[in-house]
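Each chain, letter by letter, is given below.
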Amino acid sequence: MDDAEACFILSSRNEVDRTAADHQTILRAWAAKDFAPNCPLYVQILKPENKFHVKFADHVVCEEEFKYAMLALNCVCPATSTLVTLLVHTSRGQEGQLSPEQWQRTYGRCSGNEVYHIRLCDSKFFGEYDGKSFTYASFHAHKKYGVCLIGVKREDNKSILLNPGPRHIMASTDTCYYINITKEENSAFIFKQEEKHNKGLPLSGLYDAPSRLPVHSIIASMGTVAIDLQNPDPPEESGKLALPTENGAGSRRPSIAPVLEIADSSAILPCDLLSDQSEDEANQSDEEGSVGSDFVKGYPPNSPYIGSSPTLCHLLPQKAPFCCLRLDKGCTHNSFEDAKAYGFKNKLIIVSAETAGNGLYNFIVPLRAYYRPRKELNPIVLLLDYPPDNHFLEAICCFPMVYFMTGTIDNLDNLLQCGIIYADNLVVVDKESTMSAEEDYMADAKTIVNVQTMFRLFPSLSIITELTHPSNMRFMQFRAKDCYSLALSKLEKIERDKGSNLAFMFRLPFAAGRVFSISMLDTLLYQSFVKDYMIAIVRLLLGLDTTPGSGYLCAMKITEEDLWIRTYGRLFQKLCSSSAEIPIGIYRTESHMFSNTECKDSYAQSQLSVNAEHGAEHRERGESRKEKTAHRNSTTSDQSEHPLLRKKSMQWARRLSRKNAKPSSRAERISQQRLNLYRRSERQELSELVKNRMKHLGLPTVGYDEMNDHQNTLSYVLINPPPDTMLELNDIVYIIRSDPLAHMPEDSQVGQARIGKNKQDFGTEMRDETHL
């Protein structure tokens, strides 16, 4: 160990007593530090309260911190867990390229994107942007080379800043952090190709720009990246391409403003997230009993453990009494006993966990961070197997709309009382008591079956599940006779045989962000050996750390009004020029038909072929039915030519049958009822079961029918897609939004009295804090 390049100390996560496992890890870390003080130490810890014992280590990953923050972001930025998992895994993007499905090829290719770094002065990608704004550099590097610049670090500063915004002027000594398929040092062929095109094709007349763009970049971006300008007439505008008219009609697409080299201070967005108090109060003044009208912004007064990063949050002006945190029992302050009585404006987020550990605090903080719009805050309900202790309640009583209830997910009454009918997301956290089993992979059995039951009872509910073993994700929303799942299973085996680190990526629950295992992040600790910044970047993305001037991850949905933008490249310019936001990927959902019939043991059978066979079968049946009908009517007059005559004859036949019908006997009625009960579908039986329990609990059944509308869809993540990727309706775009505090003018005092701590104090406190 004296001569070792690194020492990794891992915890046994499958222990029943995880605290004891942490204590052993701490002792091992101390022993390693005592024996070889100069050996770099990489430590994996399970519980956040034990983190400060190993803060001397070079790199520390605390499982529960990452897990809860990732599960929380999954609720507001779908499939964040999938996005981060793909980013921290090493892949060449070759997965799924032989698949017959287009989505698998695109998804597999984009999964090869990783985070890399390079100094600006050494970079061909970013070297020409010395003295330009960060936003300008990010957009133009993406337009020319397809790389996504997401962060930067000054030479004299240890803090990495994600999207520091247009005020940040790039310097030659800056370290740039970017997302790409490969690092720049391995991209020499790009620049050779550029030289080849520059020599082979004339560039005059194609564009007016001080720095020559490669022809292949112009061709790739023509009609995709936004070249339209608000004022396209002046010829001295640099870096612009004129767009051809559409269909020769002289019509033009809507214009997008250019991204400025140096930010115009008057054009930078004001810190509206800090000064939205009056707007919120105006919007909520006419809402009776609004719970959001008296929120304040500040720092949580009680942290449940040492070492949690201070985060500016939405808080209650005064702490809520512990009795008011109980959702299912009234108290002297209110008489509400279920989620319906509270009349929440937004959908609930329900978290099912065994105990209220300190890590659960990291689920609440990202969802109450100051940059989340106040009117979009979702109520959080903690469904716990065991009541939380006062220490935990003291930490959460300052947050608005956070409640707890004792119960389990295998009890339907508990689910209905905690408001599952009004929930947008249900997060099922892996339980410590079930992590170890006699058969290793059976540790997830209870969780999987319980989640499957909830999926059958509430098909449209978004359920996010944490599992101990990633291989068990194939049992989520399991269909025993599903051809498509079988094809995906064979695809996974093929990719594993090829040596892929992401063989599980095509499983539909993982691709959609519906399932997650913390062991998927093991590679994060290993990658930090080569990329010592990876843990810091992931913590910033997840909101575990808040550095002054650094941005945060959020999402925006593409609506019909946004489709005029057309492509991802044009969207990149639109966001950079208007709100200084950096997009990093797309979460796409497509309609899909899943087959429930037996299928042959063949990997090549894609869903398209399954649908084609079903369509042909349906047509054949329809044609045979038409032939029989035509044969039956061949001896009579063609009544289809006389719809009125046919209608009258049918009415006459029904009246005649009613006249001749005898009143049914009691035995016949009972027989008919029995037949109706026998013919009930499983869906109807489940609906009746849930509605009967709701009536028994005194809950209104209105709203449950909406939970039955399950649509067969598949969802997947595209990290840093090419600029010419077409946007689709309901795409969700991951964006890194710049810090609103960084946009405040130096002499501005806006919101400081309301916040309680000014920007300078915040920065000083963060610099003095030792971060892991």
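Above this text sits the structure in question.
Residues numbered from 1 in each chain as written. Predicted model: local features only at pLDDT ≥ 70, side-chain atom pairs only at ≥ 80, totals over all residues. Heavy atoms only, no water.

Asks: So what exactly am I meant to see when it comes to the overall build of the protein here?
Replies: Helices and strands together make up the secondary structure of the protein, namely 25 helices and 19 strands. Across the 772 residues of the protein, 51% fall into the buried class. Taking all contacts inside the protein whose residues are at least 6 apart in sequence as the whole, residues at least 24 apart take part in 74%. Roughly 36,800 Å² of accessible area belongs to the protein as shown, and the carbon and sulfur atoms make up 51% of that amount. (Helix = DSSP H or I, 4+ residues; strand = E, 2+ residues; numbered from the N terminus. Buried < 20%, exposed > 50% of the residue type's maximum accessible area, 1.4 Å probe, protein only. Contact = heavy atoms within 4.5 Å. Areas by Shrake-Rupley, 256 points an atom, 1.4 Å probe, with all protein chains shown as cover.)

Asks: Help me out: how do you make sense of the sheet that holds strand E7 (residues 175-180) in this one?
Replies: Sheets are built from strands paired through backbone hydrogen bonds, the pairs being either parallel or antiparallel. Pairing is antiparallel in the open sheet, where four strands are placed in the order E4-E7-E5-E6. If you trace the sheet from one side to the other, it starts and ends with strand E4 (114-119) and strand E6 (161-162), each paired once. When E4 meets E7, the two strands line up antiparallel, connected through six bridges. Looking at the pairing, Val115 lines up with Ile179 of E7. (Pairing = 2+ DSSP bridges.)

Asks: Sorry if this is basic, but what is going on with helix H1 (residues 18-35) here?
Replies: Three or four residues apart is the spacing at which side chains of an α-helix point the same way, because the helix has 3.6 residues per turn. End to end, H1 covers 26 Å across 18 residues, agreeing with the expected 26 Å (1.5 Å per residue, within 8%). For H1, every residue scored as buried is listed here: Arg18, Ala21, Asp22, Thr25, Ile26, Ala29 and Ala32. For H1, the arc enclosing every buried residue in end-on projection is 140 degrees, short of the 170-degree limit, so these residues lie on one face. The exposed set on the far side of H1, more than 90 degrees from its buried face, consists of Leu27, Asp34 and Phe35. Summarising the contacts, the buried residues of H1 are in contact with strand E1 (7-9), strand E2 (41-45) and helix H2 (63-76). A distance of 3.2 Å separates the backbone nitrogen of Thr19 from a side-chain oxygen at the start of H1, and that oxygen is part of Asp17. (Expected span 1.5 Å × (residues − 1). Arc of directions from axis to C-beta. Polar contact = N/O pair within 3.5 Å; in protein donor to acceptor, adjacent residues only side chain to side chain.)

Asks: Looking at this structure, I do not really get the pairing of strand E12 (residues 402-406). What am I missing?
Replies: Consecutive residues of a regular strand have side chains that alternate between opposite faces of the sheet. For E12, the buried fraction is high: four of the five residues fall into the buried class. The pairing of strand E11 (residues 380-384) with E12 spans five bridges and is parallel. Bridge pairing in E12 places Val381 opposite Tyr403. A crossover links E11 with its parallel partner E12, the connecting element being helix H11 (residues 390-396), and its sense is right-handed. (Right-handed = clockwise from strand over helix to strand, strands pointing away.)

Asks: Is there a simple way to think about the sheet that holds strand E17 (residues 582-591) in this case?
Replies: What the four strands build is an open sheet, ordered E16-E19-E17-E18; its pairing is antiparallel. What marks the edges here is a single partner per strand, and that holds for strand E16 (552-557) and strand E18 (713-719). Adjacent strand axes in the sheet meet at a mean angle of 25 degrees, parallel and antiparallel pairs treated alike. (Axes fitted to C-alpha atoms, helices over the stretch in contact; angles between N-to-C directions.)

Asks: Sorry if this is basic, but what is going on with the nonpolar core here?
Replies: Nonpolar side chains tend toward joint burial in soluble globular proteins. Tyr107, Phe126, Phe363, Phe399 and Phe458 are the most contacted members of the largest nonpolar core, which totals 171 residues. Of the residues forming this core, the biggest block, eight residues, is contributed by H2. For Phe126, the residues in contact, after removing those within four places along its chain, are Ile118, Leu120, Ala141, Val147, Leu149, Cys176 and Tyr178. Grouped together as the second largest cluster of nonpolar side chains are 14 residues, Ile9, Ala32, Ala36 and Leu41 included. (Core = buried A, V, L, I, M, F, W, Y, C linked by side-chain atoms within 4.5 Å.)

Asks: So what exactly am I meant to see when it comes to the packing of aromatic side chains here?
Replies: Aromatic ring pairs are reported here in terms of the distance separating the ring centres and the angle at which the planes meet. Across all of its chains, the model carries 26 aromatic pairs by this definition. The interplanar angle of 70 degrees and the centroid separation of 5.8 Å between the aromatic rings of Phe8 and Tyr526 together place this pair among those described as edge-to-face. In this pair, Phe8 sits in strand E1 while Tyr526 sits in helix H16 (residues 522-527), placing the two residues 518 residues apart along the sequence. Residue class for Tyr526 comes out partly exposed when judged on its relative accessible area of 39%. Here the aromatic rings of Tyr342 and Phe344 are separated by 5.2 Å at their centres, their planes lie at 5 degrees, and the arrangement is stacked. Each member of the pair, Tyr342 as well as Phe344, is classed as buried. Here a set of aromatic residues connected by ring pairs shows up, and it is made of Tyr116, Phe125, Phe126, Tyr145 and Tyr178. In this structure, Lys531 is placed above the aromatic ring of Tyr116, and the distance from its NZ or CZ to the ring centre is 4.4 Å. (Phe/Tyr/Trp six-rings, centres within 6.5 Å; stacked < 30°, edge-to-face > 60°. Lys NZ or Arg CZ within 6 Å of the ring centre and 35° of its normal.)

Asks: What's the story with the side chain of His59 in this structure? I'm lost.
Replies: By secondary structure assignment, the location of His59 is in strand E3 (residues 59-62). Leave out the neighbours within four places in its chain, and His59 touches Leu41, Tyr42, Val43, Leu525, Ser528, Asp532 and Ile535.

Asks: Help me out: how do you make sense of the environment of Asn74 in this one?
Replies: Considering the arrangement of structural elements, one finds Asn74 in helix H2. According to the relative accessible area criterion, Asn74 is buried, its value standing at 4%. Sequence-wise, Asn74 and Arg514 are 440 residues apart; in three dimensions their C-alpha atoms are separated by 8.5 Å. In this view, Asn74 contacts Ala79, Thr80, Ser81, Ile464 and Gly513; residues no more than four positions away in its chain are not counted. In terms of polar contacts, Asn74 uses its side chain to reach the backbone carbonyl oxygen of Gly513, at 3.3 Å.

Asks: What exactly am I supposed to notice about the side chain of Lys132 here?
Replies: In this fold, Lys132 is placed in the loop between E4 and helix H5 (134-145). With relative accessibility at 18%, the residue Lys132 sits in the buried group. If we skip the residues at most four places from it in the chain, Lys132 touches His168, Ile169, Met170, Glu261 and Ile262.

Asks: Help me out: how do you make sense of the pattern of salt bridges in this one?
Replies: It is possible for side chains of opposite charge to pair when their charged atoms get near one another. For the structure shown, the criterion picks out 19 salt bridges. For Glu63, the salt bridge identified is with Arg18, shortest N-O distance 3.6 Å. One end of the pair, Glu63, is in helix H2; the other, Arg18, is in helix H1, with 45 residues separating them in the sequence. Assessed through its relative accessible area of 4%, Glu63 is described here as buried. Residue class for Arg18 comes out buried when judged on its relative accessible area of 3%. Lys67 is paired through a salt bridge with Glu466; the nearest N and O atoms lie 3.5 Å apart. Here Lys67 is found in helix H2, whereas its partner Glu466 is found in strand E14 (residues 462-466), with 399 residues between them in sequence. Each of Arg13, Arg18, Glu63 and Asp522 takes part in salt bridges that share partners, so that together they form one network. (Salt bridge = Lys/Arg side-chain N within 4 Å of Asp/Glu carboxyl O.)

Asks: What should I look at first to understand the environment of Asn163 in this one?
Replies: Following the sequence through the fold, Asn163 ends up in the loop between E6 and E7. Owing to a relative accessible area of 0%, Asn163 belongs among the buried residues under this scheme. Sequence separation of Asn163 and Ala580 is 417 residues, and the distance between their C-alpha atoms is 8.4 Å.

Asks: Any chance you could explain the pairing of strand E5 (residues 148-153) here in plain terms?
Replies: A large share of E5 lies buried, amounting to five of its six residues. For E5 and E6, the ladder comprises two bridges, and the chain directions are antiparallel. Bridge pairing links Val152 to Leu161 in E6.

Asks: Explain the packing of H2 against helix H17 (residues 534-542) here, please?
Replies: Packed helices, taken two at a time, are described by the angle their axes make and the gap between the axes. Contact pair H2 / H17: the axes reach a minimum separation of 10 Å and the direction vectors enclose 40 degrees. The angle between H2 and H17 places the two elements in the oblique class. Crossing of H2 against H17: the hand is left-handed. Contacts between H2 and H17 involve Glu65, Phe66, Ala69, Met70 and Leu73 from the former and Ile535, Val538, Arg539, Leu541 and Leu542 from the latter. In terms of residue class, the contact of H2 with H17 is made up of eight nonpolar, no polar and two charged. (Parallel < 35°, antiparallel > 145°, perpendicular 65-115°, else oblique. Left-handed = near helix turned anticlockwise from the far one by under 90°. Nonpolar A, V, L, I, M, F, W, Y, C, P; charged D, E, K, R; others polar.)

Asks: What should I look at first to understand unusual backbone geometry in this one?
Replies: When glycine is set aside, most residues are seen to have a negative phi, and most peptide bonds are trans. Phi at Ala580 is positive, roughly 60 degrees, even though this residue is not glycine. The residue Asn720 is not glycine, and still its phi comes out positive at about 45 degrees. Examined against the element boundaries, Asn720 turns out to sit in the loop between E18 and strand E19 (732-737).

Asks: Honestly, H17 in this entry has me stumped. Any pointers?
Replies: Counting buried residues in H17 gives eight out of nine residues, a clear majority hidden from the surface. Listed as buried for H17 are Met534, Ile535, Ile537, Val538, Arg539, Leu540, Leu541 and Leu542. At the exit of H17 stands Gly543, carrying a positive phi of roughly 80 degrees.

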